[in-house]
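# An overview of the molecular structure
Spelled out from the first residue to the last, the chains are:
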Amino acid sequence: MPNQDACRHAEILDNADPLRALRAKFLIPRHGDRDQLYFCGNSLGLQPRGARAHVEEVLDKWAHEAVEGHFTGQAQWMPYHELVREPLARVVGAEPLEVVAMNSLTANLHLLMVSFYRPTCERPAILMEAGAFPSDRYALESQVRFHGFDPARDLIELEPDEADGTFSMAAIASAIERHGPRLALVLWPGVQYRTGQAFDLGDIARLAHAQGAIAGFDLAHAAGNLPLRLHDDNADFAVWCHYKYLNSGPGAVAGAFVHARHAHTTRPRFAGWWGHEQTTRFQMGPQFEPSAGADGWQLSNPPILGLAPLRASLELFDEVGMTALREKSVRLTDYLDASIRAHLADVLSIVTPAQAERRGCQLSLRVHGGRARGRELFEYLGARGILGDWREPDVIRISPAPLYNRYADVAGFVDAVEGWRDGR
Ligand SMILES: *Cc1c(COP(=O)(O)O)cnc(C)c1O
């Protein structure tokens with residue numbers, strides 16, 4: 001029997017939710033005759049209903065105006081990336097000059113490391129977290145090698161010091177201090193993808209800077225999930241993608257941040273024509289003069305079709321604001337956390353830290369009994385239209401996204417896991 005009390009309680013919470021109307025602005029995949037319980041916004045966010053109109057606008061403009069679409073009418077393509085600049089800056093807590101939407105996450109990580117990872121014999125090393133998302137590790141390792149250094153020595157991967165693979169701030173601080181004189185770069189996640197742990201970026205930047213190192217951040221799981229203050233936190237650079245919590249579609253154009261104090265840097269960079277100062281770009285001169293700020297790292301004219309859904313997504317973020325979104329997110333994830341502790345403690349343990357300030361919306365749940373049991377539960381849920389995602393060897397990640405998930409979705413997940421445990 002589904003737990004009637006829990007369902008009613010969730011319904012009351014949904015009715016009292018000031019953001020409940022936002023769900024209708026998304027397309028929720030169906031499972032039979034009802035909505036999926038979709039908890040995969042950490043992997044691919046759902047489609048905002050407004051995305052199609054923005055994409056069709058580009059297709060129509062291309063059909064009717066062709067090359068002139070760059071310079072004529074609404075939403076001209078030449079300055080198209082400027083349409084997302086200010087809302088994006090609000091999402092990540094930056095000045096407009098500091099952000100740009102371009103390329104993909106890993107490409108941006110490489111491009112910004114070209115400028116901000118400048119190893120020397122005295123200071124060759126990068127500090128990152130052990131167990132990082134593989135693309136980040138590949139990028140960092142290949143950069144160390146590219147500069148002729150040895151990743152075995154100069155790519156320092158800090159092991160988690162807490163049970164279940166999370167990090168204490170003390171361990172991060174002591175690693176930065178211990179390796180300080182050799183550190184060229186500290187590259188840290190805003191939210192760790194596997195555990196869902198959130199970090200204090202301001203603290204990490206301060207510690208890195210105190211040792212003379214650059215502070216760079218991968219915000220793939222933090223952008224659109226937590227309120228960020230990249231400018232005030234003094235990050236040197238940051239990169240993120242827009243297909244996770246920013247709901248801009250598979251492979252969406254990614255984001256990059258470069259702090260205003262580097263807006264006119266003379267550091268080396270890999271240049272392309274779209275990074276050239278706009279006012280003189282079309283004089284097509286041989287000499288590269290970078291645009292001020294993050295724009296100066298652009299290479300190519302951007303994929304306008306890829307940028308279009310980001311506009312729709314950012315309209316929603318502007319409508320709500322990160323503060324209200326985070327308020328709901330804390331409540332929704334706390335509700336999931338409390339329900340698991342109350343009803344499922346014999347089935348699941350929560351890997352993600354318990355304090356709100358140490359996590360975003362995602363909870364990583366270790367299934368008791370090992371991999372086979374975990375897979376069984378994961379498939380049981382999938383067959384019922386309940387989508388989380390699987391991380392080897394025994395973790396299910398569940399991310400209630402405050403823009404479109406309901407308390408009822410969380411209650412439905414908890415009820416289904418109880419059903420699996422009780423063999424109903
Ligand atoms: C999702 C994610 C990526 C994916 O990289 P792409 O270049 O967008 O394919 C990389 N790093 C982290 C930490 C991620 O969470």
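Everything below is about the structure printed above this text.
The sections below set out a description of the structure shown in this document. Residue positions are given per chain, counted from 1 along the sequence in the order it is written. Reporting in this predicted model follows two pLDDT cut-offs: at least 70 for local features of residues, and 80 or more for side-chain atom pairs to be given and counted; totals over whole chains, interfaces and linings ignore these cut-offs and use all residues. Where side-chain values are given, they derive from all heavy atoms of the structure, hydrogens and water being excluded.

Next up on the list: the pairing of strand 17 (residues 395-398). The rule is simple: take the accessible area with a 1.4 Å probe, protein chains only, and divide by the maximum for that residue type; under 20% is buried, over 50% is exposed, in between is partly exposed. Put simply, DSSP marks the helices as runs of H or I at least four residues long and the strands as runs of E at least two long, and each gets a number from the N terminus on. Where burial is concerned, the two faces of strand 17 agree: the one with Val395 and Arg397 and the one with Ile396 and Ile398 are both buried. Strand pairing is assigned whenever DSSP identifies at least 2 bridges connecting the two strands. Where strand 14 (residues 363-367) lies against strand 17, 4 bridges are found, and the strand directions are antiparallel. Note that in strand 17 the partner of Arg366 across the bridge is Val395. Alignment of strand 16 (residues 389-391) against strand 17, held across 3 bridges, turns out to be antiparallel. Residue pairing for strand 17: Arg391 is matched across the bridge by Val395.

Here we take up the nonpolar core. Within this scheme, the nonpolar core is defined by two criteria: the residues are buried Ala, Val, Leu, Ile, Met, Phe, Trp, Tyr or Cys, and they are joined through side-chain atoms within 4.5 Å. Grouped together as the largest cluster of nonpolar side chains are 67 residues, with contacts concentrated most on Leu127, Trp188, Phe217, Leu219, Leu230 and Trp240. The biggest single contributor to this core is helix 10 (residues 304-320), with 8 residues. With sequence-adjacent residues up to four places away left out, Trp188 is seen in contact with Leu127, Met128, Glu129, Leu158, Phe167, Ile172, Phe199, Ile204, Gly216, Phe217 and Asp218. Any two residues whose heavy atoms approach within 4.5 Å at even a single point are treated as in contact.

Right, let's get into the site of the ligand. In the neighbourhood of the ligand, the contacting residues comprise Leu105, Thr106, Phe133, Asp136, Asp218, Ala220, His221, Tyr243 and Lys244. Measuring from a nitrogen atom of the ligand, one finds a side-chain N or O atom of Asp136 at 2.5 Å. For the purposes of these results, a polar contact is taken to be a pair of N or O atoms within 3.5 Å, where, inside protein, one atom must be able to donate a hydrogen and its partner to accept one; residues adjacent in sequence count only when each atom of the pair is a side-chain atom. Between the ligand and the protein, one listed contact pairs an oxygen atom with a side-chain N or O atom of Lys244 at 2.5 Å. Exposure was quantified through the Shrake-Rupley algorithm and a 1.4 Å probe, taking into account, for residues, occlusion by the shown protein chains and nothing else. When the ligand is considered free in solution it has 390 Å² of accessible area, and contact with the protein chains removes 82% of it. For this classification, Asp, Glu, Lys and Arg are treated as charged, while Ala, Val, Leu, Ile, Met, Phe, Trp, Tyr, Cys and Pro are nonpolar and the rest, including Gly, are polar. Of the residues assigned to the shell around the ligand, the class counts are 4 nonpolar, 2 polar and 3 charged. One heavy atom within 4 Å of a molecule or strand makes the whole residue count as near it.

Another aspect to go through is the sheet that holds strand 13 (residues 348-350). Reading across the sheet, the 4 strands line up as 13-14-17-16 and stay open at both edges, with antiparallel pairing between neighbours. At either end of the open sheet lies a strand with only one pairing partner, and these are strand 13 and strand 16. For this sheet, the mean angle separating the axes of adjacent strands, direction not counted, is 35°. Note on geometry: axes are lines fitted to C-alpha atoms, helical ones only across the stretch in contact, with angles between N-to-C directions running from 0 to 180 degrees. In the packing of helix 11 (residues 322-343) onto the sheet, the strands contacted are strand 13, strand 14 and strand 17, and the crossing angle to strand 14 comes to about 20°. Along the sheet, helix 12 (residues 371-383) makes contact with strand 13, strand 14, strand 16 and strand 17, crossing strand 16 at roughly 170°.

Right, let's talk about unusual backbone geometry for a bit. The bulk of non-glycine residues show a negative phi, and the bulk of peptide bonds are trans. The omega torsion of the bond from Glu392 to Pro393 falls at 0°, within 30 degrees of zero and hence cis. Note that Pro393 resides in the loop between strand 16 and strand 17. A positive phi angle is found at Ala75, which is not glycine, with a value near 45°. The residue Ala75 is located in the loop between helix 2 (51-65) and helix 3 (82-92) in this model. Positioned with a positive phi, Asn247 is a non-glycine residue whose angle comes to about 55°. The class of Asn247 is buried, set by a relative accessible area of 3%.

A few words on the environment of Asp35. Assignment of secondary structure puts Asp35 in strand 3 (residues 34-35). The sequence separation of Asp35 and Ile386 amounts to 351 residues, and the corresponding C-alpha distance is 9.4 Å. Setting aside its immediate chain neighbours within four residues, Asp35 contacts Arg23, Ile28, Pro29 and Arg30. In terms of polar contacts, Asp35 uses its side chain to reach the side chain of Arg23, at 2.9 Å. Side chain to side chain, Asp35 and Arg30 meet in a polar contact 2.7 Å long.

Read these as layout, nothing more, since geometry by itself doesn't imply function.
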